Amino acid sequence: MALSPVIGKLLHKRVVLASASPRRREILSQAGLRFEVVPSRFKETLDKASFPAPYAYAMETAKQKALEVAARMYQKDLRAPDVVIGADTIVTVGGLILEKPVDKQDAYRMLSMLNGKEHSVFTGVAIIHCCSKGGQLDTDVCQFHEETTVRFSRLSEELLWEYIDSGEPMDKAGGYGIQALGGMLVEYVRGDFLNVVGFPLNHFCKKLVELYYPPGRHDVRRVKHDSIPAVDTFEDLSDVEGGGSDPAGGIEGGPGGQAAAGTRGAEANGAVESPPPFPADLLELIDGFKASKALFTACKLKVFDVLKDEAPLKAAEVAGRIDASVCGTGRLLDACVALGLLEKTDGGYRNTEVASRHLASDGEYSLHGLVTRHDDHAWELFTRLEVAVRQGPNAVAGGKVEDPAQSQQTTLQFMRAMHGLSKLTARRVATAFDLSRFTSACDLGGCTGALAHELAHEYPRMRVTVFDLPDVLEHVACFQPGGRPSERISFVPGDFFKDSLPEAELYVLSRILHDWPDDQVHALLGRLSGRCKPGGGVLVAEETVDEDPAAARSNLAAALSLLVRPRGRGRSGAEYRDLLEQHGFRDVRVAAAAGGALHLLLGTRASPP
Ligand SMILES: Cc1cn([C@H]2C[C@H](O)[C@@H](COP(=O)(O)OP(=O)(O)OP(=O)(O)O)O2)c(=O)[nH]c1=O
């Protein structure tokens, strides 16, 4: 995740922060967001007991704060901003929710509860997209929350009162401000510091990524606005009832306020044309290869392994562990921070959760093998894309002639890549259809057995045979949980084009067919269909190349890969269904898995006529 392009997504929208909190304003301004501030008038009086958990209360309050501002602005002149952001921060200790103290005694009560203990700080955030539909305000609410754990030292009465007398506690949840004097009370913080201060910026940016870069759908939410209107358009919305006398006082412009006023002045003179919308998406795309390469390099140098074992570490310490230059390592680590793969704190760098789970080389859901394969193999192939486009796929067919001494390594690398990918999707593939009627299955080209394990786990009566080339099966032991396969899983070496297929009620072809041209697909399905008894089944899992333009982005990688690796062919879901039907499979059922990335088909072998 590159942060500034995500914030850039909001640059051409009219954004309002529905909060009087100077901390929230500061955090968002410093992140480069342009916005107006319209404090919410929503009274924080929701019944706390009616919420299943404290964070639900904070999220609902945040939502109500933002909705109140959106409705008020819309009512004022039938035009709501594009986006309204609301937030609510609470402190919880011993099952109690603490908000801002009402007086000094209340502050003392709160601080005494926190004294010498650990507590949680929750901030609920609502991002509300607004538009006008049929003369009514229409809103699309996105909410989330973030939790941070804070521990106070054991503090004397004297110190507590001294702190209370400083006045700092009064406008802060739980009666303290970690960013100022209150920092002295704090022994440690676990989680996002800015979340305690009132706004979880990191989670907010991740939410923006989800909203504006949804997988497979590109930027469908874009609302076009050429400029941000003048800030004083909503001067009457100030928190001062009746509109207030100071036109600038009600709406405190963030950095956007001044820019917007400038735009308005220029337009009024008719002298300067407003610049085109900032092409943040395009710029991110242009730089996309650098992001991939930074990720590949960090993986190859095992940065995420080092930081999984030991963190936080300073750049020099990481450089020592990976045997690289301090300056180069520092730059790489910062790039990883900008990409959302690492976090940087005063103590040094640490992995994000995603990095620990997917980018370290060990771990059940590691994609380290896939990344390495992309770096060593796909990267080089893609440098030949232009040749493939100019001269046709066969121009790059074959690629490098592999050194036999390296081919074992290459096989292992390929297996690691496939294993990581299969582990991510196997459960979904195994459960997309009810397969409990089958007591035996054969996973053709089943590689490390990742899907076989899920099938055996999900269907206790099922025995699964993994059928794959001898070279592949030679290495399967290191991929078995606990070092050995389950009793109901067997590995049979063979070539599915030549050797007799093991007997089974269900045949599985997961990510196999796309790799072969039509004649070989027909040959394989013909053999499989001949072996499958009536009532038996075939389960196909494939990434498809669909005509639907909405899916074009997710198809892109698959389609281009097939151009530089031209042995196979991308097919649509309908083509796979046709293929199964041509080979005697009926009642073909279709499902999607892994967020729509995989197309699944289950066909039943009909009795021969
Ligand atoms: C715990 C803690 C809270 N706070 C602040 C963040 C929030 O501004 C405030 C909690 O009150 P909120 O009701 O979340 O926010 P607010 O009243 O300041 O602003 P608005 O309702 O208009 O959005 O406490 C700190 O500044 N530092 C801290 O360490």
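Look up: the structure comes first, before these words.
Remember, predicted model here, so these are calculated numbers, not experimental data.

Draft legend 1. Region of the structure containing the packing of helix α20 (residues 518–531) against helix α22 (residues 573–582). Relative orientation of the contacting elements α20 and α22 amounts to 45°, with a least axis distance of 10 Å. Relative to α22, the element α20 lies oblique. Of the two elements, α20 crosses α22, and the hand of that crossing is right-handed. Residues Val 521, His 522 and Leu 525 of α20 pack against Leu 579, Leu 580 and Gln 582 of α22.

Draft legend 2. Structural context of the nonpolar core. Core analysis: the biggest nonpolar cluster contains 47 residues, and Ile 85, Ile 127, Phe 152, Tyr 176 and Phe 204 have the highest contact counts within it. In this view, Ile 85 contacts Val 15, Val 16, Leu 17, Ala 18, Leu 33, Ala 66, Val 125, Ala 126, Phe 199 and Phe 204; residues no more than four positions away in its chain are not counted.

Draft legend 3. Representation of the packing of helix α10 (residues 288–300) against helix α15 (residues 368–382) within the structure. The geometry of α10 relative to α15 is characterised by a closest axis approach of 9 Å and an angle of 120° between their N-to-C directions. As judged from the angle between their axes, α10 and α15 are oblique. For the pair α10 and α15, the crossing hand works out as left-handed. For the pair α10 and α15, the contacting residues are Phe 289, Lys 293, Leu 295, Phe 296, Cys 299 and Lys 300 in the first and His 368, Val 371, His 374, Asp 375, Asp 376 and Trp 379 in the second.

Draft legend 4. Structural view of the packing of aromatic side chains. Applying the stated criterion across every chain, the model contains eight aromatic pairs. With 5.1 Å between their ring centres and 70° between their planes, Phe 199 and Phe 204 make a pair best called edge-to-face. Accessibility classification places Phe 199 together with Phe 204 in one group, the buried group. Centre to centre, the rings of Phe 496 and Phe 497 are 5.1 Å apart; their planes meet at 75°, and the pair counts as edge-to-face. Looking at Phe 497, the relative accessible area reads 22%, which means it is partly exposed. Three or more aromatic residues joined by ring pairs make a cluster, and in this case those are Phe 496, Phe 497 and Trp 516. If you follow Lys 293 out to its NZ or CZ, it ends over the ring of Trp 379, 4.5 Å from the centre.

Draft legend 5. Inspection of the pairing of strand β16 (residues 598–605) at higher detail. Most of β16 is tucked away, with eight of its eight residues classed as buried. Side chains Leu 598, Leu 600, Leu 602 and Thr 604 of β16 all project onto a buried face; the interleaved residues His 599, Leu 601, Gly 603 and Arg 605 project onto the opposite face, where all are buried too. Here seven bridges tie strand β15 (residues 585–593) to β16, and the two strands are oriented antiparallel to one another. Residue pairing for β16: Arg 586 is matched across the bridge by Thr 604.

Draft legend 6. A look at α20. The terminal C-alpha atoms of α20, which comprises 14 residues, lie 20 Å apart, in line with the 20 Å expected from a rise of 1.5 Å per residue. Listing the buried residues of α20 in full gives Val 521, Leu 524, Leu 525, Leu 528 and Ser 529. One face of α20 carries all of its buried residues, which in axial projection span an arc of 130°. Among the exposed residues of α20, those pointing more than 90 degrees away from its buried face are Asp 519 and Gly 530. Turning to α20, the residues buried within the fold contact β10 (440–444), β13 (506–510), β14 (537–542), α22, β15 and β16.

Draft legend 7. How the structure looks around the pattern of salt bridges. By the definition in use, this model includes 30 salt bridges. Across the salt bridge formed by Glu 44 and Lys 65, the nearest N and O atoms sit 3.2 Å from each other. Taken together, the residues span a long stretch of sequence, with Glu 44 in the loop between β2 (36–37) and α3 (54–77) and Lys 65 in helix α3 at a distance of 21 residues. A relative accessible area of 27% places Glu 44 in the partly exposed class. The exposure class of Lys 65 is buried, given its relative accessible area of 8%. We note a salt bridge from Glu 386 to Arg 390, for which the minimum N-O separation is 2.9 Å. Separated by four residues within a single helix, Glu 386 and Arg 390 lie in helix α16 (residues 385–391), roughly one turn from each other. Considered together, Glu 386 and Arg 390 belong to a single accessibility category, that of exposed residues. Members of the salt-bridge network, linked through shared partners, are Glu 44, Lys 65, Asp 88 and Lys 100.

Here is what the cut-offs are and how they apply
- Residues numbered from 1 in each chain as written.
- Predicted model: local features only at pLDDT ≥ 70, side-chain atom pairs only at ≥ 80, totals over all residues.
- Heavy atoms only, no water.
- Axes fitted to C-alpha atoms, helices over the stretch in contact; angles between N-to-C directions.
- Helix = DSSP H or I, 4+ residues; strand = E, 2+ residues; numbered from the N terminus.
- Parallel < 35°, antiparallel > 145°, perpendicular 65-115°, else oblique.
- Left-handed = near helix turned anticlockwise from the far one by under 90°.
- Contact = heavy atoms within 4.5 Å.
- Core = buried A, V, L, I, M, F, W, Y, C linked by side-chain atoms within 4.5 Å.
- Buried < 20%, exposed > 50% of the residue type's maximum accessible area, 1.4 Å probe, protein only.
- Phe/Tyr/Trp six-rings, centres within 6.5 Å; stacked < 30°, edge-to-face > 60°.
- Lys NZ or Arg CZ within 6 Å of the ring centre and 35° of its normal.
- Pairing = 2+ DSSP bridges.
- Expected span 1.5 Å × (residues − 1).
- Arc of directions from axis to C-beta.
- Salt bridge = Lys/Arg side-chain N within 4 Å of Asp/Glu carboxyl O.

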